[in-house]
Amino acid sequence: MSDYYEILGVEKNASKDEIKSAFRKQARKWHPDINKAPEAEAKFKELGKAYETLMDDDKRATYDRFGEDGLQNAGYSSQGPFANGFGDLEEVFSSFFGGGFGGFGGGRRQDPNAPQRGDDLRLDIEIEFEEAVFGLNKEIKIDHLETCPTCNGTGAKEGSKPQTCQHCGGRGSVQQTTRTVLGHFTQIVTCPHCHGKGTIISDPCPACKGEGRKDVEKKLDIKIPAGVDNGSKMRLSHEGDAGKNGGVAGDLYIVIHVKPSTYYQRDGINVFTKLEISPAQAVLGDTVTIKTLDGEKDVSIPSGIQTGEVVKIKNAGVPNLSKPSVRGEHVVVVTVKTPTHISKDEKALYQKLYELQKGKVNKKVLW
């Protein structure tokens, strides 16, 4: 059996003001227009039943003594106020509390014929590592809604125009009265004749089938700046879906995915590469040619370098996204590689070197 107090999240001695406040909070969380979870509708109906019961002194007293079965045995309806559907959240608050609730238009329903901003869109694109470093110009394709050029967004066939819905007077909503054991319960619901639009199109535009907008593929040339990283976002204003009733178009958000490099590792504006050198190069030092973002470069390896030490090439990393003239460093991480296969001559030389250094070797155990 349902626990109405638990559903609303209040104590059993909660006042009516506390119950109202709890219902408002839970209604905003579970209204199906906001919460798309499969169980949202059922939970919202449960909230209505709980609120209707606990706000009525007689029903609450019966429920406290005998539970839900007691309510049914006493002849009270078990359906709740939302058994036959429910309107949007503004309509719910208006019906229950006689006005809107914080952030919902102060109790007034939005004019369905007022300009409405179009939806934002998202496009994910993938680029190469070097393209992210230096930037590029790229052509992209998007599918979005554009205002129908045939009817100019009215949805009506040329030579005609939308007519004000006679059932709702252009408001897009009507009052629906439900009879309950407590009397008549009046609720504001979406007009079933115009489906909330406030207008009726008797002769729809053949190009957009009366929608006023068409799904169109569009090509855009975009400039991806140097220095973008994996997950970087770009916004193109007014390249999303066209608005309704002359409203402005939404924005297009481009999310950039950078393919990982098999050679470079990136950390901010610095790049890292690995370099293996021989023991002789480590002892004597050397000049080696390595691949960089700007092509091949000679790098000086200092004598006596140890495994894990680095050599830095300044201004050879990634451009700073906000200041492209500033670049990071190319950090070369050195590893001294011990040879595993050597010739007889090499072995002889290593043996001679060993004999020369034998007296200098510290035989103390370090670990």
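Asks: Give a description of the overall build of the protein chain that names residues and reports values.
Replies: From N to C terminus, the protein chain includes eight helices and 17 strands. Within the protein chain, the fraction of its 367 residues that count as buried is 35%. Sequence-distant contacts, at least 24 apart, represent 64% of the contacts inside the protein chain between residues at least 6 apart. As displayed, the protein chain offers around 22,900 Å² of accessible surface, 48% of which is attributable to carbon and sulfur atoms.

Asks: Run through the layout of surface pockets, naming residues and quoting values.
Replies: Here the second largest pocket defines a volume of roughly 310 Å³. Contributing to the lining of the second largest pocket are P279, A280, V283, L284, E346, L349, Y350, L353, L356 and Q357. Secondary-structure elements contributing two or more residues to the lining of the second largest pocket are α7 (279-284) and α8 (344-357). In terms of residue count, α8 provides more of the lining of the second largest pocket than any other element does, six residues in total.

Asks: If you had to explain the environment of K59 to someone new, which residues and values would you point to?
Replies: Looking at where K59 falls in the secondary structure, it is placed in helix α4 (residues 57-73). Sequence-wise, K59 and G70 are 11 residues apart; in three dimensions their C-alpha atoms are separated by 9.4 Å.

Asks: Provide a residue-level description of a nonpolar patch on the surface, including the pertinent values.
Replies: Taken together, the side chains of I342, Y350 and L353 define a hydrophobic patch exposed on the protein surface, amounting to about 250 Å² of accessible area. Among the secondary structure elements, L353 is positioned in helix α8.

Asks: Explain the sheet that holds strand β9 (residues 252-258) to me, and be specific about the residues and the numbers.
Replies: Reading across the sheet, the three strands line up as β1-β9-β8 and stay open at both edges, with mixed pairing between neighbours. Sheet topology places β1 (121-127) and β8 (233-236) at the edges, where each strand pairs with a single neighbour. When the angles between neighbouring strand axes are averaged without regard to direction, this sheet yields 25 degrees. As judged from the four bridges shared by β8 and β9, these two strands associate in the antiparallel manner. Counted as the bridge partner of L236 is L252 from β9.

Asks: Explain the packing of aromatic side chains residue by residue, including any values.
Replies: What characterises a pair of aromatic rings is the spacing of the ring centres plus the angle enclosed by the ring planes. Scanning the model with the defined rule gives five aromatic pairs in all. Residues Y4 and Y63 carry aromatic rings whose centres are separated by 4.5 Å and whose planes lie at 10 degrees to one another, so their mutual orientation is stacked. Note that Y4 is positioned in helix α1 (residues 4-8) and Y63 in helix α4, a separation of 59 residues in sequence. Judged by its relative accessible area of 3%, Y4 is buried. On the accessibility criterion, Y63 (8% relative accessible area) is buried. Through successive ring pairs, a cluster of aromatic residues spans Y4, Y5 and Y63. Above the plane of the ring of W30 lies K43, whose end atom (NZ or CZ) is 5.0 Å from the centre. Here the guanidinium or amino end of K291 rests over the ring plane of Y263, the centre of that ring lying 5.1 Å away.

Asks: Pulling in residues and values, what's your account of the sheet that holds strand β17 (residues 330-336)?
Replies: Pairing is mixed across the open sheet formed by four strands, whose spatial order is β10-β11-β17-β14. Both outer strands of the open sheet, β10 (265-267) and β14 (310-313), are each paired with one neighbouring strand and no more. Here the strands of the sheet are splayed against their neighbours by 30 degrees on average, with no regard to which way each runs. Both β14 and β17 contribute to a ladder of four bridges, which runs antiparallel. Each residue of the ladder has a partner; that of V310, found in β17, is V333.

Asks: I'd like a description of unusual backbone geometry, backed by residues and values.
Replies: In this model, K209 sits at a positive phi of 55 degrees, which is unusual for a non-glycine residue. Structurally, K209 can be placed in the loop between β6 (199-200) and β7 (213-224). In this model, N245 sits at a positive phi of 55 degrees, which is unusual for a non-glycine residue. The topology assignment puts N245 in the loop between β8 and β9.

Asks: Please provide a residue-by-residue account of the state of the cysteines, values included.
Replies: Evaluation of the coordinates by the stated rule reveals zero disulfides. Of all cysteine sulfurs in the structure, the one in C151 sits closest to C148, which takes part in no disulfide; the separation is 3.8 Å.

Asks: So what's going on with the nonpolar core? Which residues, and what values?
Replies: Nonpolar side chains in soluble globular proteins tend to be buried together. Ranked by internal contacts, the top residues of the largest apolar core, which has 23 residues, are I140, I224, I254 and I256. Only β1, α6 (129-134), β2 (136-147), β7, β8 and β9 provide two or more residues apiece to this core. Among the elements that take part in this core, β9 stands out by supplying four residues, more than any other. Excluding residues within four positions of it along the chain, I140 makes contact with L123, I125, K218, K219, L220, I222, L252 and I254. In terms of nonpolar packing, the next biggest core, distinct from the first, is built from 20 residues, I19, A40, L54 and L71 among them.

Procedures and definitions
- Residues numbered from 1 in each chain as written.
- Predicted model: local features only at pLDDT ≥ 70, side-chain atom pairs only at ≥ 80, totals over all residues.
- Heavy atoms only, no water.
- Helix = DSSP H or I, 4+ residues; strand = E, 2+ residues; numbered from the N terminus.
- Buried < 20%, exposed > 50% of the residue type's maximum accessible area, 1.4 Å probe, protein only.
- Contact = heavy atoms within 4.5 Å.
- Areas by Shrake-Rupley, 256 points an atom, 1.4 Å probe, with all protein chains shown as cover.
- 1 Å grid on protein atoms, 1.4 Å probe; cavity = no way out; pocket = protein on both sides within 12 Å on 5 of 7 lines; lining within 4 Å.
- Points joined across faces, edges and corners; volume = space filled by probe spheres on them.
- Patch = residues over 30% accessible without salt bridge, like charges linked within 9 Å, V, L, I, M, F, W, Y side chains within 5 Å.
- Salt bridge = Lys/Arg side-chain N within 4 Å of Asp/Glu carboxyl O.
- Pairing = 2+ DSSP bridges.
- Axes fitted to C-alpha atoms, helices over the stretch in contact; angles between N-to-C directions.
- Phe/Tyr/Trp six-rings, centres within 6.5 Å; stacked < 30°, edge-to-face > 60°.
- Lys NZ or Arg CZ within 6 Å of the ring centre and 35° of its normal.
- Disulfide = S-S within 2.5 Å.
- Core = buried A, V, L, I, M, F, W, Y, C linked by side-chain atoms within 4.5 Å.

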